[in-house]
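# Examining the three-dimensional arrangement
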Amino acid sequence: MKKRFQDKVVIVTGAGSGIGERTAERFAEEGAKVTIAELDEKAGKRVQENINKTGANSLFIKTDVAIYESVNQMVEKTISSLGSPDILINNAGINVFSEPLKMPDSEWKRAFSVDLDGVWYGCKAVLPHMLDKSKGSIVNVSSVHGFQIIPNCFPYPIAKHGVIGLTRALAVDYAAKGIKINCISPGYTETPILDRFFNTKPNPAEARKEAEYRQPIRRMGTTTEIANAILFMSSDECNFMIGANIIVDGGITLKIHENDDTGAD
Ligand SMILES: NC(=O)c1ccc[n+]([C@@H]2O[C@H](COP(=O)([O-])OP(=O)(O)OC[C@H]3O[C@@H](n4cnc5c(N)ncnc54)[C@H](O)[C@@H]3O)[C@@H](O)[C@H]2O)c1
């Protein structure tokens, strides 16, 4: 039987870890040929090896999404090795969390170069090829920080708000030309980025427990749960979805106050 993404060419940025890694694996399981566009060489090669061991076809291409030339070269290599891209997942991202007035300028630049420039560079590099075919699908990874603010997480939420705005602007410009561009906003998801976040707290285990309790679903999301939503948004199952932002967060952003109950279920 033909698989859901049989022979589709898919690029996943930041696919060396966490959500990107699981998304690359899920696409490969569904028959896609996948480019692992990743800065960390060791991580990217590990994911390529694991996927190719299953008989699927993936290719690690060392990429820094913060540099347009690097992204453009990755797209050209994808075309020559796997074919013209059908789907792009702009997933690479970094947490840059500061108190605004204590933040060095370099941190502002670091956050925007990866979390927002990186998403734009991905779109800019693949769009001409998708337009040639009058077909393509792009999913940008924002965050619940893309529309809600946690104090002293500056300037990450500004970049993630920008990812939602970029998605909406590009979606309108290219919808009539066969390109579908949407955005996903994950909540707390079990990945190394989350471990690094909790490790900044005085008591990481306690901070994690409290955070889990704050989720209406009482747990973090899994990378598979986020990846599955990304696959759906990339597919032809939702071709009327244009410039949408889908929140996959266990219900956390539905709450007004974080500490609004006593712990009793
Ligand atoms: N984990 C969460 O709770 C969570 C929640 C909301 C949004 N997100 C977003 O999801 C995305 C993936 O996060 P994750 O939790 O899987 O993180 P992660 O740290 O596990 O993985 C991110 C990957 O991106 C790569 N990367 C970083 N900078 C890069 C660059 N300049 N070029 C290419 N690759 C680069 C890293 O090497 C890493 O492999 C990010 O955009 C993040 O902001 C994560």
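Our subject is the structure listed above.
This is a predicted model, so every value here is computed, not measured.

Once that is clear, we can look at the overall build of the protein chain. Counting secondary structure elements, the protein chain contains eight helices and nine strands. For the protein chain, the C-alpha radius of gyration of 18 Å lies close to 18 Å, the compact-globule estimate for 265 residues. Considering only C-alpha atoms, the protein chain reaches an extent of 55 × 45 × 40 Å along its principal axes. In the protein chain, buried positions account for 43% of the 265 residues.

Okay, helix 3 (residues 68-81) next. A rise of 1.5 Å per residue sets the reference length of helix 3, with its 14 residues, at 20 Å; its end C-alpha atoms lie 20 Å apart and thus fit the reference within 8%. Taken residue by residue, helix 3 has Val71, Met74, Val75 and Thr78 as its buried positions. One side of helix 3 carries all its buried residues, which in axial view fall inside an arc of 95°. For helix 3, exposure combined with an orientation more than 90 degrees from the buried face picks out Glu69 and Ser80.

Next up on the list: the environment of Pro85. Of note, Pro85 is situated in the loop between helix 3 and strand 4 (87-90). With 44 residues separating them in the primary sequence, Pro85 and His129 have C-alpha atoms 7.2 Å apart. Residues within four places of Pro85 in sequence aside, it is in contact with Val9, Ile11, Val75, Thr78, Val126, His129 and Met130.

Attention now goes to the nonpolar core. If you look at the biggest cluster of nonpolar residues, it comprises 59 residues, and the most contacted ones within it are Val10, Val12, Ala24 and Val34. Broken down by element, the residue count for this core peaks at ten residues, all from helix 4 (residues 105-133). For Ala24, the contacting residues outside a window of four places in its chain are Val12, Ala15, Val34, Ile36, Val47, Ile51 and Ser58.

All right, on to unusual backbone geometry then. The omega torsion across Phe154 and Pro155 is 0°, close enough to zero to call that bond cis. With respect to the helices, strands and loops of the structure, Pro155 is situated in strand 7 (residues 154-155). Backbone geometry at Asn152 places phi at a positive 60°, although glycine is not the residue there. Mapped onto the elements of the fold, Asn152 is located in the loop between strand 6 (136-141) and strand 7.

Running from N to C, helix 3 and helix 4 point in directions that differ by 35°, and their axes come no closer than 9 Å. Seen from above, helix 3 lies across helix 4 with right-handed handedness. Residue-level contacts link Tyr68, Val71, Asn72, Val75 and Ile79 of helix 3 to Tyr121, Gly122, Ala125, Val126 and His129 of helix 4.

Cut-offs applied
- Think of each chain on its own: its residues are numbered from 1, step by step along the sequence as written.
- Under the rules for a predicted model, residues below a pLDDT of 70 receive no local features and side-chain atom pairs below 80 are neither given nor counted, while totals for whole chains, interfaces and linings still include all residues.
- In this description a helix means any DSSP run of H or I spanning at least four residues, a strand means any run of E spanning at least two, and both kinds are numbered starting from the N terminus.
- For the radius of gyration, the atoms used are the C-alpha atoms, and the globule rule reads 2.2 Å times the number of residues raised to 0.38.
- Buried residues are those with 20 or more other C-beta atoms within 10 Å of their own C-beta, exposed residues have 12 or fewer, and partly exposed residues lie in between; C-beta atoms are placed from the backbone.
- Given the number of residues in a helix, its expected span is that number minus one, multiplied by 1.5 Å.
- Note: the arc covers the axis-to-C-beta directions of the helix.
- Each residue is represented by a C-beta atom placed from its backbone, and any two residues with such atoms within 7 Å are regarded as in contact.
- Structurally, a nonpolar core is described as a collection of buried Ala, Val, Leu, Ile, Met, Phe, Trp, Tyr and Cys residues joined by way of C-beta atoms within 7 Å.
- All axes are obtained by fitting lines to C-alpha atoms, using only the stretch in contact for helices, and the reported angles, taken between N-to-C directions, cover 0 to 180 degrees.
- Left-handed describes a crossing whose near helix is turned anticlockwise from the far helix by less than a right angle; the clockwise case is right-handed.

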